[in-house]
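Residues per chain are reported as follows:
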Amino acid sequence: MHSNEHGVIIVLIICIVLGLLLGFSTELTENVLYQTLSTIVEALSALVGIFGVFAVFRLDIQDREVREARDELDAIYYRGRPDFVIERVHYTPPEQLLTMVEEKLKENSSYFAVSIDEVIRRRDRLKKAIEKQRKLKDVIKFPLIFMIITIGFSLAFLPLTGVPALLIPSYVRATYMMVMIGFAIYALSLVFESFIELTRD
């Protein structure tokens, strides 16, 4: 289980406890619940848009780095000559090219027209670029999914805020509200951490 999932469980437990305490000690009005959930939906929707645009921009930069590193390594793989021009029908994906170069280094290192150190440098550049690309996607994916889920659960309960207290007791309303507040705060912390990670070189 990842640390993010641990964090969600901890937040959920804390908020359930706080919600029950609040629900049994105070009569939660319909208006408070509605306003709280509406604010969460509006705030997280705006944040999803801002974070999404920034994430696409950052991923595009990293995609270019992968393409440049791939082309650099590709140039010395085919026929082992940096200046060799060849028309290839199929584009070799970065991961596949890495595998091909690794195999060629083991089988016949003299295949390349450049020094082994240069081959290794270009190989390592592509490997690091791919690893960074995967890491960035992981950094972006969880906060976005978590925010969308929180928005969805908040929206789902909005129509029920007008249901009489006899059908939905105060402690249920308070618990739900506290869980959504906790999830919203946790989502903000995830986005903040992601922004830091995305701005690193």
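Treat the numbers as computed from the prediction; the structure is a model and nothing was measured.

Colleague: Break down the packing of helix α4 (residues 116-157) against helix α5 (residues 170-198) for me, citing the residues and quoting the values.
Modeller: Where α4 meets α5, the axes come as close as 9 Å, and the angle between the chain directions of the two elements is 160°. When the axis of α4 is compared with that of α5, the two are roughly antiparallel. The handedness of the crossing between α4 and α5 is left-handed. Residue-level contacts link Lys 135, Leu 136, Val 139, Ile 140, Phe 142, Pro 143, Phe 146, Met 147, Thr 150, Phe 153, Ser 154 and Phe 157 of α4 to Tyr 176, Met 180, Phe 183, Ala 184, Tyr 186, Ala 187, Leu 190, Val 191, Ser 194, Glu 197 and Leu 198 of α5. Counted by class, the contact of α4 with α5 contains 18 nonpolar, three polar and two charged residues.

Colleague: Describe the nonpolar core, listing the residues and the values that go with them.
Modeller: In this structure, Leu 44, Phe 146, Met 147 and Phe 183 are the most contacted members of the largest nonpolar core, which totals 33 residues. Examining the composition of this core, we find that 11 residues originate from one element, α5, more than from any other. Those residues within four positions of Met 147 in sequence are excluded, and the remaining contacts are Leu 44, Leu 47, Val 48, Phe 51, Ala 187 and Val 191. Ranked by size, the runner-up nonpolar core spans 16 residues in total, among them Leu 73, Ile 76, Leu 98 and Val 114.

Colleague: How would you sum up the pattern of salt bridges? Please name residues and give values.
Modeller: With the rule as written, the count across this model stands at 14 salt bridges. One salt bridge in this structure joins Glu 102 and Arg 123, with 3.5 Å as the shortest N-O distance. Here Glu 102 is found in helix α3 (residues 94-107), whereas its partner Arg 123 is found in helix α4, with 21 residues between them in sequence. For Lys 127, the salt bridge is made with Glu 102, and the minimal N-O distance between the two is 3.4 Å. With Lys 127 in helix α4 and Glu 102 in helix α3, the pair connects residues that are 25 residues apart, well separated along the chain.

Colleague: Describe in detail the packing of aromatic side chains, supporting the description with residues and values.
Modeller: Under the counting rule described, the total for this entry stands at seven aromatic pairs. Ring plane angle 55° and centroid distance 5.2 Å describe the contact between Phe 146 and Phe 183, whose orientation is recorded as tilted. Of this pair, Phe 146 sits in helix α4 while Phe 183 is found in helix α5, placing the two residues 37 residues apart along the sequence. There is no split in this pair, since Phe 146 and Phe 183 are both buried. Members of the aromatic cluster, connected to one another through ring pairs, are Phe 142, Phe 146, Phe 183 and Tyr 186.

What counts, and at which threshold
Residues numbered from 1 in each chain as written. Predicted model: local features only at pLDDT ≥ 70, side-chain atom pairs only at ≥ 80, totals over all residues. Heavy atoms only, no water. Axes fitted to C-alpha atoms, helices over the stretch in contact; angles between N-to-C directions. Helix = DSSP H or I, 4+ residues; strand = E, 2+ residues; numbered from the N terminus. Parallel < 35°, antiparallel > 145°, perpendicular 65-115°, else oblique. Left-handed = near helix turned anticlockwise from the far one by under 90°. Contact = heavy atoms within 4.5 Å. Nonpolar A, V, L, I, M, F, W, Y, C, P; charged D, E, K, R; others polar. Core = buried A, V, L, I, M, F, W, Y, C linked by side-chain atoms within 4.5 Å. Buried < 20%, exposed > 50% of the residue type's maximum accessible area, 1.4 Å probe, protein only. Salt bridge = Lys/Arg side-chain N within 4 Å of Asp/Glu carboxyl O. Phe/Tyr/Trp six-rings, centres within 6.5 Å; stacked < 30°, edge-to-face > 60°.

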